[in-house]
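# Residue-level structure breakdown
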Amino acid sequence: MAAPVDLELKKAFSELQVKMIDTQQKVKLADLQIDQLTRVQKLAKVTHKEMSTLSDDTPLYEGVGRMFILQSKEEINDQLTEKQKTAQEKIKELEQKKVYLERSVKEAEDNIREMLLSRRAQ
């Protein structure tokens, strides 16, 4: 009867290992995305700050592909504010996703620990 128990534990451990590797990759990806979004946020903030020092009649151009489009200061400020908001929302979503992933791995580890303790008690 020891053989089925060992096979069951082996299977549980291999599933946990696969789940942990997958989760670690997803967490690393989320961290990279958060870093990238933080950079976008900072760039938008610095650009907004620099634009506030310019007079209202200064011509401002937005880079689009390989060309530049003349836009008003207000339009560019609105775009920068929207970029910051979007980045902040995505960062919150990614943080929640990371917490969920870490919690699911912890639960799987706890389940295997319980299984080990119950097998030892028998």
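The rules behind the values
Residues numbered from 1 in each chain as written. Predicted model: local features only at pLDDT ≥ 70, side-chain atom pairs only at ≥ 80, totals over all residues. Heavy atoms only, no water. Helix = DSSP H or I, 4+ residues; strand = E, 2+ residues; numbered from the N terminus. Rg over C-alpha atoms; globule rule 2.2 N^0.38 Å. Buried < 20%, exposed > 50% of the residue type's maximum accessible area, 1.4 Å probe, protein only. Contact = heavy atoms within 4.5 Å. Areas by Shrake-Rupley, 256 points an atom, 1.4 Å probe, with all protein chains shown as cover. Lys, Arg positive; Asp, Glu negative; His and termini not counted. Charge placed at Lys NZ, Arg CZ, Asp CG, Glu CD. Salt bridge = Lys/Arg side-chain N within 4 Å of Asp/Glu carboxyl O. Polar contact = N/O pair within 3.5 Å; in protein donor to acceptor, adjacent residues only side chain to side chain. Core = buried A, V, L, I, M, F, W, Y, C linked by side-chain atoms within 4.5 Å.

Okay, the overall build of the chain next. Tallying secondary structure elements over the chain gives two helices and two strands in all. Listing each helix as α and each strand as β along the chain from the N terminus yields α-β-β-α. For the chain, whose C-alpha radius of gyration is 25 Å, the value lies well above the compact-globule estimate of 14 Å for 122 residues. In terms of overall dimensions, the chain has a C-alpha envelope of 85 × 25 × 15 Å along the principal axes. Burial status across the chain gives 21% buried among its 122 residues. Contacts spanning at least 24 positions in sequence make up 71% of the contacts within the chain whose residues lie at least 6 apart. Here the chain has roughly 9700 Å² of accessible surface; of this, 56% comes from carbon and sulfur atoms. Computed over 22 positive and 22 negative side-chain charges, the inter-centroid distance for the chain is 6 Å.

Turning next to the pattern of salt bridges. If you walk through the whole model with that rule in mind, you get five salt bridges. Lys73 is paired through a salt bridge with Asp56; the nearest N and O atoms lie 3.6 Å apart. Residue Lys73 is found in helix H2 (residues 73-121), and its partner Asp56 is found in the loop between helix H1 (2-52) and strand E1 (60-64); the two are separated by 17 residues along the sequence. Taking the relative accessible area as the measure of exposure, Asp56 reaches 68% and is therefore exposed. As a salt-bridge pair, Arg113 and Asp110 come within 3.3 Å of each other at their nearest N and O atoms. Taken as a pair, Arg113 and Asp110 lie in helix H2 at a separation of three residues, close to a single helical turn. Among the residues examined, Arg113 registers a relative accessible area of 47% and is labelled partly exposed. Owing to a relative accessible area of 28%, Asp110 belongs among the partly exposed residues under this scheme.

Tracing the backbone through its elements, the reader meets Gln71 in strand E2 (residues 67-71). Of the polar contacts made by the side chain of Gln71, one reaches the side chain of Gln79; its length is 3.4 Å.

Residues Ala30, Ile34, Leu37, Ala87, Ile91 and Leu94 constitute the largest nonpolar core, which totals six residues. Of all the secondary-structure elements, those providing two or more residues to this core are H1 and H2. Discounting chain neighbours no more than four positions away, the residues touching Leu37 are Ala87, Lys90, Ile91 and Leu94. Residues Ala44, Leu60, Ile76 and Leu80 belong to the second largest nonpolar core, which totals five residues.

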